[in-house]
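Residues per chain, in single letters:
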Amino acid sequence: GAVVSQHPSWVICKSGTSVKIECRSLDFQATTMFWYRQFPKQSLMLMATSNEGSKATYEQGVEKDKFLINHASLTLSTLTVTSAHPEDSSFYICSANRGETEAFFGQGTRLTVV
Amino acid sequence: DAKTTQPTSMDCAEGRAANLPCNHSTISGNEYVYWYRQIHSQGPQYIIHGLKNNETNEMASLIITEDRKSSTLILPHATLRDTAVYYCIVRYIDSWGKLQFGAGTQVVVTP
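Quick caveat: nothing in here was measured; it's all calculated off a predicted structure.

Asker: Explanation requested: the nonpolar core in the structure shown.
Answerer: Judged by nonpolar contacts, the single largest core of 25 residues is most densely connected at V4, W35, F67, L79, Y92 and L111 of chain A. Contributing elements (two or more residues each) for this core: β2 (10-13), β3 (19-25), β4 (32-38), β5 (45-51), β7 (67-73), β8 (76-81), β9 (90-98) and β11 (109-113) of chain A.

Here it is in structure tokens:
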């Protein structure tokens, strides 16, 4: 079946540094990918829609200058958390759509900012 | 997209069928019902989806009421590995976009 892969699975970084998370669709092309964030004991919250070859669309309240999204190819989207702070510590998850009815999720990236 | 209502939690005995209800009373005729589950510290896993008819695959069955205002996900023989949060989501057919997750149902399968 289709697979969406995220890298890294977990990362610890120092406050003030930037972290890049990759999301790849391994066996299909995805013109659109989505980035979610999940805090402990909460549901997934959509952060942004990543469109291949164009600017990402951010949900209300998500700082686009802090969460940089690049979708340079049909199989890769990246999320960069810039100047990370402890409150950015969370579980980040991407998803990619295949066709008109299927959405597949990555395994998630646990970010801890110390 | 229409909102969904699910019970907060439910327990199920291993080997028994688990029936997970979902209410989507404001669903429109061009909205699908999707089910995903999330095992702790993993990304959501697709289970099944449907529009009007009941659906079955290797993981589960989806029963949608005739008026489409509610549905039930059935795990025929629950195992310990089925312990997860189960999300019922509706989305428009023509707007293949973001999925809006609610709180879901925490299902605990016990020996």
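Read on, since the account is not over.
Asker: Honestly, a nonpolar patch on the surface in this entry has me stumped. Any pointers?
Answerer: Judged by side-chain polarity, W10, I12 and V114 of chain A come together as a nonpolar surface patch covering roughly 380 Å² of accessible area. A relative accessible area of 60% means that W10 of chain A is categorised as exposed.

Asker: Can you help me understand the environment of W35 of chain B in this one?
Answerer: All names here are of chain B. Position of W35 relative to the elements: it lies in strand β3 (residues 31-38). Accessibility expressed as a relative area gives 0% for W35, which makes it buried. On a C-alpha basis, the gap between W35 and L73 in space is 7.7 Å, while along the polypeptide they are 38 residues apart.

Asker: Is there a simple way to think about the sheet that holds β7 of chain A in this case?
Answerer: Within a sheet, adjacent strands bond to each other through the backbone by hydrogen bonds, running parallel or antiparallel. Residue and element names in this part refer to chain A. The strand order across the open sheet formed by 4 strands is β1-β3-β8-β7, and the pairing between neighbours is antiparallel. A single partner strand is all that each edge strand has here, and the edge strands are β1 (4-7) and β7. For this sheet, the mean inter-axis angle between neighbouring strands, taken without regard to orientation, is 15 degrees. Direction of pairing for β3 relative to β8: antiparallel, over a ladder of 6 bridges.

Asker: I tried to follow the layout of surface pockets on my own but got confused; where do I start?
Answerer: Gaps left between atoms show up when a probe the size of a water molecule is rolled over them. What the largest pocket holds in volume is close to 480 Å³. Together, 21 residues line the largest pocket, and Q38, K41 and Q42 of chain A together with H40 and V85 of chain B are the ones closest to its centre. At the level of secondary structure, the elements contributing two or more residues to the lining of the largest pocket comprise β8 (84-92) and β9 (105-110) of chain B. The dominant element in the lining of the largest pocket, judged by the number of residues it contributes, is β8 of chain B, at 3 residues. Classifying every residue of the lining of the largest pocket by side-chain character gives 8 nonpolar, 11 polar and 2 charged.

Conventions used here
- Residues numbered from 1 in each chain as written.
- Chains lettered and ligands numbered in written order.
- Predicted model: local features only at pLDDT ≥ 70, side-chain atom pairs only at ≥ 80, totals over all residues.
- Heavy atoms only, no water.
- Core = buried A, V, L, I, M, F, W, Y, C linked by side-chain atoms within 4.5 Å.
- Buried < 20%, exposed > 50% of the residue type's maximum accessible area, 1.4 Å probe, protein only.
- Helix = DSSP H or I, 4+ residues; strand = E, 2+ residues; numbered from the N terminus.
- Patch = residues over 30% accessible without salt bridge, like charges linked within 9 Å, V, L, I, M, F, W, Y side chains within 5 Å.
- Areas by Shrake-Rupley, 256 points an atom, 1.4 Å probe, with all protein chains shown as cover.
- Salt bridge = Lys/Arg side-chain N within 4 Å of Asp/Glu carboxyl O.
- Pairing = 2+ DSSP bridges.
- Axes fitted to C-alpha atoms, helices over the stretch in contact; angles between N-to-C directions.
- 1 Å grid on protein atoms, 1.4 Å probe; cavity = no way out; pocket = protein on both sides within 12 Å on 5 of 7 lines; lining within 4 Å.
- Points joined across faces, edges and corners; volume = space filled by probe spheres on them.
- Nonpolar A, V, L, I, M, F, W, Y, C, P; charged D, E, K, R; others polar.

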